[in-house]
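The lines below spell out each chain.
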Amino acid sequence: MFYEPKDGHGLPKNPFNSLVVPRPIGWISSLDGDGNVNLAPYSFFNGVAYNPPTVMFSSGHGQVEDDGMKDSLRNILETGEFVQNFSTWDTRAAMNDTSATTAKSVDELAEAGLTPIASTLVKPPRIMESPIHFECKLVGTYDLPNTTDNNKYTVVFGEAIGVHIADDLIMENGQIDIAKLHPIARMGYQD
Ligand SMILES: Cc1cc2nc3c(=O)[nH]c(=O)nc-3n(C[C@H](O)[C@H](O)[C@H](O)COP(=O)(O)O)c2cc1C
């Protein structure tokens, strides 16, 4: 088949999510200006530069709060900091739980039974259950051009100014043990 997205795809569900797979999952912790913790997964996520190491995630806008922004985006715009917590097979259920739409004051990290640990260079906490953390400073955001209010996306770029790696993941040859890491990724639809 061939389709022009502007004219629709003619399938029961939009296939796009299943056409860019597997996608790593950014599991983003942030704080609002009052220090309230927020945690949420973003699979429009990736590394985009080696040096300095830089990641990005894309946040859809919605009707959650009056400003239409998801809490992660609002917090990062307010404070300029976030943490990327590596998402593994063992944390998949908790990761999914933290995608719940909640009031901005709700601490999804605590709600999901996860353990906050202090970061070294930024204020948002890391998740103890996650084996790799990027402490990130906001580089900038980019609002994608859009056609309707329901299809707004803001891409957030962050520089990893501090990187934590669980020591037992580093093999004798100095490389990361990917098999031990058990990464998970977003496949199509709900997979
Ligand atoms: C695996 C997974 C991947 C997701 N990826 C994205 C994404 O890339 N962009 C997005 O806007 N929402 C994504 N979501 C939905 C957000 O996690 C959800 O809207 C969440 O409530 C946002 O939280 P926040 O308002 O605390 O930032 C994803 C959810 C799951 C479970």
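Refer to the preceding data block for the structure.
Please read these numbers as outputs of a predicted model, since none were measured by experiment.

The subject of this paragraph is helix H1 (residues 71–79). Of the residues making up H1, those classed as buried are Asp71, Ser72, Leu73, Arg74, Asn75 and Ile76. Buried residues in H1 make contact with strand E2 (26–31), strand E3 (37–42), strand E5 (54–60), strand E6 (81–85), strand E9 (132–143) and strand E10 (153–165). At the C-terminal side of H1, Gly80 shows a positive phi close to 75°.

This part takes up the pairing of E3. Among the six residues in E3, six count as buried, and that is most of the element. Of the two faces of E3, both are covered, the one formed by Val37, Leu39 and Pro41 as well as the one formed by Asn38, Ala40 and Tyr42. When E2 meets E3, the two strands line up antiparallel, connected through six bridges. Note on E3: the bridge partner recorded for Gly26 is Tyr42.

Taken together, 18 residues lie around the ligand, and Ala40, Phe44, Lys70, Ser72 and Ser99 are the ones closest in. Of all the elements in the fold, those that place two or more residues in the shell around the ligand are E3, E5 and H1. Of the residues in the shell around the ligand, the class split is six nonpolar, nine polar and three charged.

All right, on to the environment of Lys180 then. Note that Lys180 resides in helix H4 (residues 178–181). Residue classification places Lys180 among the partly exposed residues on the basis of 13 C-beta atoms within 10 Å. With twelve residues separating them along the chain, Lys180 and Asp168 place their C-alpha atoms 8.9 Å apart.

Quick look at the environment of Asp177 now. With respect to the helices and strands, the residue Asp177 is situated in the loop between E10 and H4. The exposure class of Asp177 is partly exposed, given the 13 C-beta atoms found within 10 Å. Leave out the neighbours within four places in its chain, and Asp177 touches Leu169 and Met171.

The seven strands are arranged E3-E2-E6-E9-E10-E5-E4 in an open sheet whose pairing can be described as antiparallel. Here the strands that pair on one side only, and so sit at the sheet edges, are E3 and strand E4 (45–49). Recorded for the sheet is a direction-independent mean angle of 35° between the axes of neighbouring strands. Taken strand by strand, H1 contacts E2, E3, E5, E6, E9 and E10, and its axis lies near 50° from that of E2.

So, how was this worked out
Residues numbered from 1 in each chain as written. Predicted model: local features only at pLDDT ≥ 70, side-chain atom pairs only at ≥ 80, totals over all residues. Buried ≥ 20, exposed ≤ 12 C-beta atoms within 10 Å, placed from the backbone. Helix = DSSP H or I, 4+ residues; strand = E, 2+ residues; numbered from the N terminus. Contact = placed C-beta atoms within 7 Å. Pairing = 2+ DSSP bridges. Near = placed C-beta within 6 Å. Nonpolar A, V, L, I, M, F, W, Y, C, P; charged D, E, K, R; others polar. Axes fitted to C-alpha atoms, helices over the stretch in contact; angles between N-to-C directions.

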